[in-house]
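# Structural overview for review
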Amino acid sequence: MPMKTKNLLTTMALTLTLLIAGKVGWGQPLLIENFDYTAGTNLTAIGWTAHSAAGTNPIKVTSPGLSFSGYIGSGIGNAAGVNNTGEDDSKTFTAQTTDTVFYAAFMVQTQATNSRGYFFHLGQSTIGTTFFTRVWVNAKGEGLGLGSSTPSTWVPITPGQTYLVVVKYEKDNKKSSLYVFSTFPSSEPDTAHQSYTESSSFQVGSVALRQYNA
């Protein structure tokens, strides 16, 4: 899949924008990634770091990118292809020590022929093996989910269609939330499509793309 993050999946394209919201109001974007680079470029050559299986089927910039009406990153740059098994990449940003609510948004497109697994997650500045806010796709590319293990239910999507995915992490209560949009929202819904309580309260300092099946 290609992903644009503003991130990308197995047949998924990702364009990733990471924002932070504090207790008082919105802050500035911590990270914007449009994959606005030449197709075929390794992500490790454009500021990403391989934190697992470095050099084995590296994640590359893929073309074309994705478009989603109303989204600020729509139609800008290319995408990232998370469509193999091997290298997993992450990109760090300045970890926030006072703000407690974080959002990451990305466009994604799956295909009907897919494989179940998680392809995107948040991490700490030193990513290690501490992963949280994991976003999953099912085996037919027709559902997205959230959690540390395989979700029991899926948010339905249509393979081949571009969606806007937003994840929210609330540090104080260890809660991750998933929102999946087929049209651009005017405001944050009162209820997320899925929510999950993480095992601990983590300091957010990176985003990561995971390959899990060829």
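Attention in this report is confined to the structure presented alongside it. The model shown is predicted, which means the values in this text are computed figures rather than measured ones. (Residues numbered from 1 in each chain as written. Predicted model: local features only at pLDDT ≥ 70, side-chain atom pairs only at ≥ 80, totals over all residues. Heavy atoms only, no water.)

Burial of the side chains of strand E11 (residues 143-146) extends over both faces: Gly143 and Gly145 are buried on one face and Leu144 and Leu146 on the other. As judged from the 3 bridges shared by strand E10 (residues 131-137) and E11, these two strands associate in the antiparallel manner. What sits directly across from Trp136, in E11, is Gly145. Two successive antiparallel strands, E10 and E11, enclose a turn made up of 5 residues, where Gly141 displays a positive phi of approximately 65°. The sheet contact formed by E11 and strand E12 (residues 155-156) spans 2 bridges and is antiparallel. Looking at the pairing, Gly143 lines up with Pro156 of E12. (Buried < 20%, exposed > 50% of the residue type's maximum accessible area, 1.4 Å probe, protein only. Helix = DSSP H or I, 4+ residues; strand = E, 2+ residues; numbered from the N terminus. Pairing = 2+ DSSP bridges.)

All right, on to the nonpolar core then. Counting residues in each nonpolar core, the largest one holds 35 residues, and the members touching the most others are Leu43, Phe119, Phe120, Leu144, Leu178 and Leu209. At the level of elements, strand E8 (101-108), strand E9 (117-123), E10, E11, strand E13 (163-170), strand E14 (175-181) and strand E16 (206-209) are the ones that each hand at least two residues to this core. Filtering out sequence-adjacent residues up to four positions away, Leu43 remains in contact with Phe35, Trp48, Ile59, Lys60, Val61, Ala80, Asp89 and Leu209. With 12 residues, the next largest nonpolar core counts Val101, Tyr103, Val166 and Tyr179 among its residues. (Core = buried A, V, L, I, M, F, W, Y, C linked by side-chain atoms within 4.5 Å. Contact = heavy atoms within 4.5 Å.)

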